[in-house]
Structures are given as C-alpha cells and as structure tokens.
Amino acid sequence: HTPLPFFYVQNFSDPRTDTTGKLFSLFLQNDLKARPNLLIKLGLRYDLNRIGVIPNNNGNFSPRIAFSYQPKALQSLKLRAAYGFFFGVALVSPGYDVNLSNNSKALVLAFPFTAIPSSFSNGRFPLSNQLPKNIRFTPQLGANFQFDNNFKNSYSQQSTLAIDYNLDESTSISLAYVFVRGAKLFGLRNINPVVRPIADDPLGSMINGRVFPDKGMMIEFSSSYNSYYHAFTSLFERRFKGVFGILASYTFSKSLDNTNSIEPFSEQQAVDPLNPGLEKSFSSQDQRHRVVISSVYQLPSLKNSFLRDYQLSTIFTANSGRPYNLLVGEDLNMNGDIINPTDRPAGIARNAGIQPSFIGLDLRLMRKVKLNDRIHLLAFVESFNVINKFNIF
C-alpha cells in the first residue's frame, strides 16, 4: 500500500534557459592623517548591475567613514569607530525561475486526483515540454515567478564603536559595540493566496477564492524586508610569547528581522504573505550568548628527538540556542499554501522555539619537522567534540 500525496505539483516546460548578468563597480578611498594620533579613512563605492529580468536601477553609492584615535596621555588606549553603507548584488538564480515560469505550465493536482500521476513509473507524469494528453490546465492551480516592479538592491548600514587597551606588550583587551541595519532585503512571497476559503473544499478555494481569480500562485521576489542586529563583544588576547597564547571572546547580541527564505520549500514562509509585517521576530541567526576560547601551547621539548617541536591547540565554544519555527503541519488559515502547507499555531510568533545550547571542544596536536633549511613538514592530528556532547545545529 502506497499513500497518495494530498497535493501534486509538476512543471511542464523546456528546462533550459539562460540569463545575463553584468556588474560594474568603482571604489575610492583616502586616508587622512589629521594628527599624529588621529587617522581618518574616507571611502566611496559605486555599484551598477544589470541582471536578466531583474528591474534596472541607476546604481548605488555607498559612503563609508572610519577613524582611529590614540590619546597622547594614554598611549595604551585606542578608540575606533566606523560607519558605512554596503549594497548587495541581486542573486542571478531567481532570474532562471522567472524565465522558466514565463514559458511553462505548472500542473497542480489535489487528492484524490493525485492517484493519476502516482500510477506512472517514478510516481509522476513523463517529463515533457507539454501537458499530458487529456489533462486540462487550470490557471488557478498553476504557479509563476516574477520580480516586484519596485525591486531594489538590498543594503545594510553598519556601525562600530570600539575601545582597545594594551595591558602590556603581549596582552590586550577590547570592548566593541556593533549595529547592523538591513534594508530592502531579498525575500519571496505568494501575492495571490486564497482570501475567500471554502470550508472542507481546498481545491475549490484555490480555483475560486484567490486575490486575482483568473491566476494561480504568483511567487514574487521582493526587496521589502528589514533586519536589525545589536552586539556587544569583549575580547581578551594574550599573544603567543614563549610557550602559551590565548584568545577569549564573549558576545551578547540580538537579531530581529521579518525576512523569509527564498527557498519555496522552506519552513520560513510567511503565514500571511499579504502582511509580511506579522513576521517580525527573532531571526534564525539570533544567538544571545556566545563564548569562544582558543589557546596554543608549545609542549616542552624532551631529549628524545621524536618528542620535540609539538604544539597543542584548543578551541572551546559555548553558544546559547538559536530560534526555530513552530509549525502545526497544516494550512490553518486555508490560504492555499500548497508548496509548504503548514502554518504556525494561532497567536505564536515566528521563530518562537529555542534550540538547546551548544558546547564543543576541539583539539589539534601538531608537529613541525625540519627536513632541511628550505623545507619543513607539518603533521597534525585533530579531534572534534572531544567531550562527546550531543549538539543540535
């Protein structure tokens, strides 16, 4: 007995397509030594891209500024700050999706009609550029990809403020605050969902209840999402001098966004694609606490030549758990989510679940063997998660 799928989707088109992409960039930078203890860096970048079906723009200017200041009365202290715009380049791969969907027909069947393709070998209709004979195409059950007419390049505003202090020649500490604001971020949503559902009739809802009644799913690549990241980092460094060196850092951070994955089958699809503001919550990359301690230890050399020139390195990592999306496994609001037919429980925000914390310790034992004055051989053995803790990534 083979269970039948509730929905079946197959695309019929020429699987071959192409698109073009041209990128032009110009960057200018000038370092100003305003004073012997004050360095100012000024930069300006210009980017222009032309990629296939993506709407054109007039290019983007990215100004940047940074400075480093060392007080004369306190030579061990250094102040650093930076601010700038950073524009991204639109992905080329969605252009292929748009090209293919403009010349194809996506066949969507609901149970019990999913038994038809299941009766063929491999559980699907034969691959073809044309719909199977005697199968009628219903536009409301199809799907196509498109770009938002107001599509823009994503960008971020990044700023840093840091204080470095040297305790002695080989030991330093650093405190830093980082803020990153992401704007016009890339995302995907269905702008033609079912808005007039019919109880106990999902197929009828998709045919008669969409925003645009004569069309099927309209998967739009949009640049209308945002993100916010705040982080405070403390760093202690004891540079390698003699037999031991250590680098330890702690980061306290918070990351929010309303973006979703550009993968249609991702569990990050919006519950209500017509209201992306409801998706604002902790991002999938949010990690409140993170500790990393790495060290290098030069093992003592013994009289036996085989027991010389060994170095032991360690990396200890401890992270708080990242968020994950809580899903119920069905389309609760009946808006026609057939690509990923599952919603969150009512009243639950996106990424409300928290994974367990992560703890890991990795070791490396390395030996440097001098073959002659010009050739050295490095041999090493590594072991990961030596404390054998079960971690969820």
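In terms of helices and strands, the protein carries three helices and 18 strands. For 393 residues, the compact-globule estimate of 2.2 N^0.38 gives 21 Å, and the C-alpha radius of gyration of the protein, at 28 Å, exceeds that figure by more than 25%. Here the protein displays about 23,300 Å² of accessible surface, and carbon together with sulfur accounts for 59% of that area.

A cluster of nonpolar side chains, contributed by Leu161, Ile163, Leu175, Tyr177, Phe232 and Phe252, occupies part of the molecular surface with about 550 Å² of accessible area. Counting through the fold element by element, Leu161 comes out in strand S8 (residues 155–166). Relative accessible area serves as the criterion here: at 52%, Leu161 is assigned to the exposed category.

So, on to the pairing of strand S5 (residues 77–87). On a regular strand, one side chain projects to one face of the sheet and the next to the other, so that they alternate. Sheet analysis places strand S4 (residues 60–69) next to S5, joined by six bridges and oriented antiparallel. Residue pairing in the sheet places Arg64 in a bridge with Gly84 of S5.

This next bit is on the pattern of salt bridges. For the coordinates displayed, the defined rule picks out ten salt bridges. We note a salt bridge from Arg238 to Asp168, for which the minimum N-O separation is 3.4 Å. Taken together, the residues Arg238 in strand S10 (residues 217–241) and Asp168 in the loop between S8 and strand S9 (171–190) connect sequence positions 70 residues apart. Of the residues examined, Asp168 reaches a relative accessible area of 37% and is grouped as partly exposed. Linking Glu382 and Arg364 is a salt bridge whose minimum nitrogen-to-oxygen distance equals 2.7 Å. Linking Glu382 in strand S18 (residues 376–383) with Arg364 in strand S17 (residues 358–370), this pair joins segments that are 18 residues apart in sequence. Glu382 gets classed as partly exposed once you look at its relative accessible area, which sits at 36%.

To continue, consider unusual backbone geometry. Unlike most non-glycine residues, Asn385 shows phi in positive territory, near 50°. Within the secondary structure layout, Asn385 lies in the segment after S18. Of note, the phi angle at Asn388 is positive, near 55°, even though the residue is not glycine. Mapped onto the elements of the fold, Asn388 is located in the segment after S18.

Rules used throughout
Residues numbered from 1 in each chain as written. Predicted model: local features only at pLDDT ≥ 70, side-chain atom pairs only at ≥ 80, totals over all residues. Heavy atoms only, no water. Helix = DSSP H or I, 4+ residues; strand = E, 2+ residues; numbered from the N terminus. Rg over C-alpha atoms; globule rule 2.2 N^0.38 Å. Areas by Shrake-Rupley, 256 points an atom, 1.4 Å probe, with all protein chains shown as cover. Patch = residues over 30% accessible without salt bridge, like charges linked within 9 Å, V, L, I, M, F, W, Y side chains within 5 Å. Salt bridge = Lys/Arg side-chain N within 4 Å of Asp/Glu carboxyl O. Buried < 20%, exposed > 50% of the residue type's maximum accessible area, 1.4 Å probe, protein only. Pairing = 2+ DSSP bridges.

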